[in-house]
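# Inside the fold
Each chain, letter by letter, is given below.
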Amino acid sequence: MNEQVDLLFFGAHPDDVELSAGGTIVDAVKRGLRVGMIDLTRGEMGTRGTPQTRKREAQKSAKILGASFREQLDFGDGNLRTGREEELQIIEIIRRTRPSLVFAPYPDDRHPDHTRTGRLVTEAAFYAGLKSLTTSLPEHRPQTTIYYLQNYLQPPSSAA
Ligand SMILES: [Zn+2]
């Protein structure tokens, strides 16, 4: 698949993005922007719902919001892996979909998976722009990474 988007949203678990940034997605789609959604885990540690149910719900939710696609990775719910292999997977997704803006959880949250996702995605978005980092796809650097909030409130700040 080679599906380019304007905005690319990353979440740790299969309902994080819609709970924290669903309105932003609906608004963006109404403005004619293309949106993609990526879940880094299957949500297998969740107290409600099986991974299969959550995957079905996630796909339905993406459709309702108007996202062009939603993909699910398997970095491990409850102990989200952030090694080089995982980083390269994110880099490849960013290079493939070439978003102008990347959205990620604020990288300081009560749930460590959210914190890890925020850091991993921020760093991968930078590395995706390095020409000297050779992967199967050419480099692409999004303009910036924008954070959405989950459990902790933070004062709003402008993009760097
Ligand atoms: Zn979550």
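In the block above lies the structure referred to throughout.
Residues numbered from 1 in each chain as written. Predicted model: local features only at pLDDT ≥ 70, side-chain atom pairs only at ≥ 80, totals over all residues. Heavy atoms only, no water.

Further remarks concern the overall build of the chain. Across its full length, the chain carries four helices and five strands. Order of helices (α) and strands (β) in the chain, N terminus to C terminus: β-α-β-α-β-α-β-α-β. Its C-alpha atoms put the chain at 45 × 35 × 35 Å along the principal axes. For the chain, the proportion of its 160 residues judged to be buried stands at 46%. Counted over contacts in the chain with a minimum sequence separation of 6, partners at least 24 positions apart contribute 78%. Accessible surface, the chain as shown: approximately 8500 Å² in total, 51% of it carbon and sulfur. Counting 21 positive and 21 negative side-chain charges, the chain places the centres of these two groups 4 Å from one another. (Helix = DSSP H or I, 4+ residues; strand = E, 2+ residues; numbered from the N terminus. Buried < 20%, exposed > 50% of the residue type's maximum accessible area, 1.4 Å probe, protein only. Contact = heavy atoms within 4.5 Å. Areas by Shrake-Rupley, 256 points an atom, 1.4 Å probe, with all protein chains shown as cover. Lys, Arg positive; Asp, Glu negative; His and termini not counted. Charge placed at Lys NZ, Arg CZ, Asp CG, Glu CD.)

Moving on, we get to the environment of Leu-19. Relative to the elements of secondary structure, Leu-19 occurs in helix α1 (residues 16-30). With a relative accessible area of 68%, Leu-19 lands in the exposed category. Placed 40 residues apart in sequence, Leu-19 and Gln-59 show a C-alpha to C-alpha distance of 14 Å.

Our next topic: the packing of helix α3 (residues 84-97) against helix α4 (residues 112-127). Where α3 meets α4, the axes come as close as 9 Å, and the angle between the chain directions of the two elements is 60 degrees. As far as their axial angle goes, α4 and α3 are oblique. Seen from above, α3 lies across α4 with right-handed handedness. On α4, the residues touching Arg-84, Glu-86, Glu-87, Ile-90, Ile-91, Ile-94 and Arg-95 of α3 are Leu-120, Glu-123, Ala-124, Ala-125 and Tyr-127. Its residues assigned to classes, the contact of α3 with α4 comprises seven nonpolar, no polar and five charged. (Axes fitted to C-alpha atoms, helices over the stretch in contact; angles between N-to-C directions. Parallel < 35°, antiparallel > 145°, perpendicular 65-115°, else oblique. Left-handed = near helix turned anticlockwise from the far one by under 90°. Nonpolar A, V, L, I, M, F, W, Y, C, P; charged D, E, K, R; others polar.)

Per the stated rule, a full pass over the model turns up three aromatic pairs. A ring pair is formed by Phe-9 and Phe-103, whose centres lie 4.1 Å apart and whose planes are at 10 degrees; its orientation type is stacked. Remark: Phe-103 occurs in strand β4 (residues 101-105) and Phe-9 occurs in strand β1 (residues 7-11); sequence separation between them is 94 residues. Here Phe-9 matches Phe-103 in class, with each residue buried. Measuring from centroid to centroid gives 5.7 Å for Tyr-106 and Tyr-147, while their planes differ by 80 degrees, and the two rings are edge-to-face. With Tyr-106 in the loop between β4 and α4 and Tyr-147 in strand β5 (residues 144-148), this pair connects stretches of sequence that are 41 residues apart. Sitting over the face of the ring of Tyr-127, Arg-84 holds its NZ or CZ atom 5.8 Å from the ring centroid. The residue whose ring lies beneath Arg-141 is Phe-126, and the NZ or CZ to ring-centre distance is 4.1 Å. (Phe/Tyr/Trp six-rings, centres within 6.5 Å; stacked < 30°, edge-to-face > 60°. Lys NZ or Arg CZ within 6 Å of the ring centre and 35° of its normal.)

Fair warning: the whole summary comes from geometry, so function is off the table for now.
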